[in-house]
Number of protein chains: 4
Amino acid sequence: MTHTAAMLETAPSASRYDLGALSPCIESCLDCAQACTTCADACLAEEIVGKLTRCIGLNLTCADVCAATAFALSRRATSDDLAVRTLVDACVQACAGCAEECEHHAEMHAHCRVCAEACRACEQACRELLASV
Amino acid sequence: MTHTAAMLETAPSASRYDLGALSPCIESCLDCAQACTTCADACLAEEIVGKLTRCIGLNLTCADVCAATAFALSRRATSDDLAVRTLVDACVQACAGCAEECEHHAEMHAHCRVCAEACRACEQACRELLASV
Amino acid sequence: MTHTAAMLETAPSASRYDLGALSPCIESCLDCAQACTTCADACLAEEIVGKLTRCIGLNLTCADVCAATAFALSRRATSDDLAVRTLVDACVQACAGCAEECEHHAEMHAHCRVCAEACRACEQACRELLASV
Amino acid sequence: MTHTAAMLETAPSASRYDLGALSPCIESCLDCAQACTTCADACLAEEIVGKLTRCIGLNLTCADVCAATAFALSRRATSDDLAVRTLVDACVQACAGCAEECEHHAEMHAHCRVCAEACRACEQACRELLASV
């Protein structure tokens, strides 16, 4: 449905990352940034928002890191390997931290349950990308 | 594959937008932001980059606008209807302008052809979202 | 202190915007995006966060729109005039909406008072940019 | 001129970072993201753009990383210390890499000279932030 794989195939392949791991990683980062943005918003609408403030904060930073990671990884021809690798590390940590917090609220709030799934999928996709080098 | 629809279904539905139009619009915006980022990078790697500078510039602004639109639309509970509607208008214009430029290069550069498709799909999804209100 | 004006002076001046209005507008957009991000975070730490959820949501969307506007305006040589103009309109609306909400809480919360000032300054800088064309 | 320091002073101070180092670091990150965005655009307008493509690519990723870092650091009350620290590391690397490339072109292109200054200032501000913990 997305154009990610087709776009990456048409671009010069100078980057260190394997295309088979790169395309799902970029898509997972964008998906996680979206899920975290909506989870933060949904948490704000809960009556017990006062108990979800840590979740909201982690959601917001995870969204920022995932979006930056997706766009940095989308540049294959002109990449800064060292900085991008560290950025992917930050993404793994942000996703793991956000997933752990969302999992605490997963039974009570469906948005936290779905968001934790998106975070875990992104954490895994980033780890597979790093392992593919 | 993405969690977008599931996330939006779990969130309180205070926004003016129809969920059936909203979820594909958000996904198209993220897909277009990704495609434009990779298209700009691929253009930079072409020998005739000097003839693609307008394309690269439109790619970059289209990516910025699409990403901001996706995240603003991902907040259903707490939205600023007027600003978000104008932002979606800007997204329609950025996608149309970028698509038109990419279409000029579509025969010669596969990345421009695929990117133009992503831009047109996003332009259409944004128009359908606006029409659904 | 910032390099914004110096950067813009060194870049080719193909854009429609006056440099005297452009540089402060870009700086105001970045300042407002920063203020809104910190205001949302500070609201989350207030005991009465349940009464500040609308403020937080408007903060987050205002930050997204201001950041996208700052970066789009930073491209003078390769710009999409129509889309960027509409984006600046969206920025005016997002800043005005966020400022109005923050002003309601300004007496009780210093972060809302300062954030409202940043939003009003950005709204004004965007209006002056549009008027300079 | 900016509201950054005033905003941070009004927010709850749960974060590990020293306010005296945090405020200039956030401002340097935003300034560097702006400079890199304009430098990429100015490079695109140079006749010898074909020799500046690596510079443009590093500019774009540096801008993405700096913007994400600025916004993540702007959340003091609700932070993910581990991920944010790694993100600041990525920012140091992205700024150092981009500065080094821009310095190669500094004599010929004023935008690269100014951008290299903004990158070095941001690299230094990030290092001082990390050292302040």
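Just above sits the structure.
In this report, we go over the structure that sits alongside the text. Computed from a predicted structure; not experimentally measured. (Residues numbered from 1 in each chain as written. Chains lettered and ligands numbered in written order. Predicted model: local features only at pLDDT ≥ 70, side-chain atom pairs only at ≥ 80, totals over all residues. Heavy atoms only, no water.)

Some words on the interface of chain A and chain D
Filter applied, for reference: Contacts: residue pairs with any heavy atoms within 4.5 Å of one another. Buried area: the sum, over both parts, of the accessible surface (1.4 Å probe) that disappears when the two are put together. Each reported salt bridge corresponds to a side-chain nitrogen of Lys or Arg within 4 Å of a carboxyl oxygen of Asp or Glu. Pairs of N or O atoms within 3.5 Å make up the polar contacts considered here, provided that, within protein, one atom can donate a hydrogen while the other can accept it, and that residues adjacent in sequence are counted only when both atoms are side-chain atoms.
Taken together, the contacts link 25 residues of chain A with 25 residues of chain D. Interface area, chain A with chain D, both sides summed: about 1,900 Å², of which 63% is carbon and sulfur. When residues of chain A are sorted by the area they lose upon contact with chain D, A:T61, A:R75 and A:Q93 head the list and together hold 25% of the total. At the junction of chain A and chain D, the tally comes to two salt bridges. A salt bridge links A:R75 to D:D64; its shortest N-O distance comes to 2.9 Å. Seen at the junction of chain A and chain D, the total is six residue pairs in polar contact (both at pLDDT 80 or more).

Let's talk about the relation of the copies chain B and chain A
Let me state the cut-off plainly: The fit set for superposing copies consists of C-alpha atoms from residues with pLDDT of at least 70 in both; the fit itself is least squares.
Superposition record for chain B on chain A: RMSD 0.0 Å, screw rotation 180°, translation along axis 0.0 Å. Both chain copies can therefore be described as sitting about a two-fold axis. The position closest to the rotation axis in chain B is occupied by the C-alpha of B:L30, lying 3.4 Å away. In this assembly, 100% of the residues forming the interface of chain B have copies in chain A that are likewise at the interface, indicating an isologous arrangement.

Overview of the relation of the copies chain A and chain D
Between chain A and chain D, the superposition needs a rotation of 180° and an axial shift of 0.0 Å, giving an RMSD of 0.0 Å. Here 100% of the contact residues of chain A are again contact residues in chain D; the copies associate through an equivalent surface.

Side note on the interface of chain B and chain A
Stated precisely, the cut-off is as follows: Here a strand is any run of E in DSSP of at least two residues, a helix any run of H or I of at least four, and the numbering for each starts at the N terminus. Only Asp, Glu, Lys and Arg are considered charged in this grouping, and only Ala, Val, Leu, Ile, Met, Phe, Trp, Tyr, Cys and Pro are considered nonpolar; every other residue, Gly among them, is considered polar.
Opposite the 35 residues of chain B that make contact, chain A presents 35 residues. Contact between chain B and chain A buries roughly 2,900 Å² in total, counting both sides, with carbon and sulfur atoms accounting for 70%. On the chain B side of the contact with chain A, B:H3, B:M7 and B:Q34 bury the most area, a combined 22% of that side's loss. At the surface where chain B touches chain A, the tally comes to zero salt bridges. Along the contact surface separating chain B from chain A lie eight residue pairs in polar contact (both at pLDDT 80 or more). Among the elements of the structure, helix 1 (4–10), helix 2 (19–44), helix 3 (53–73) and helix 5 (110–131) of chain B are those that each provide at least two residues to the side of chain B that touches chain A. Looking at the side of chain B that touches chain A residue by residue, the class counts come to 20 nonpolar, ten polar and five charged.

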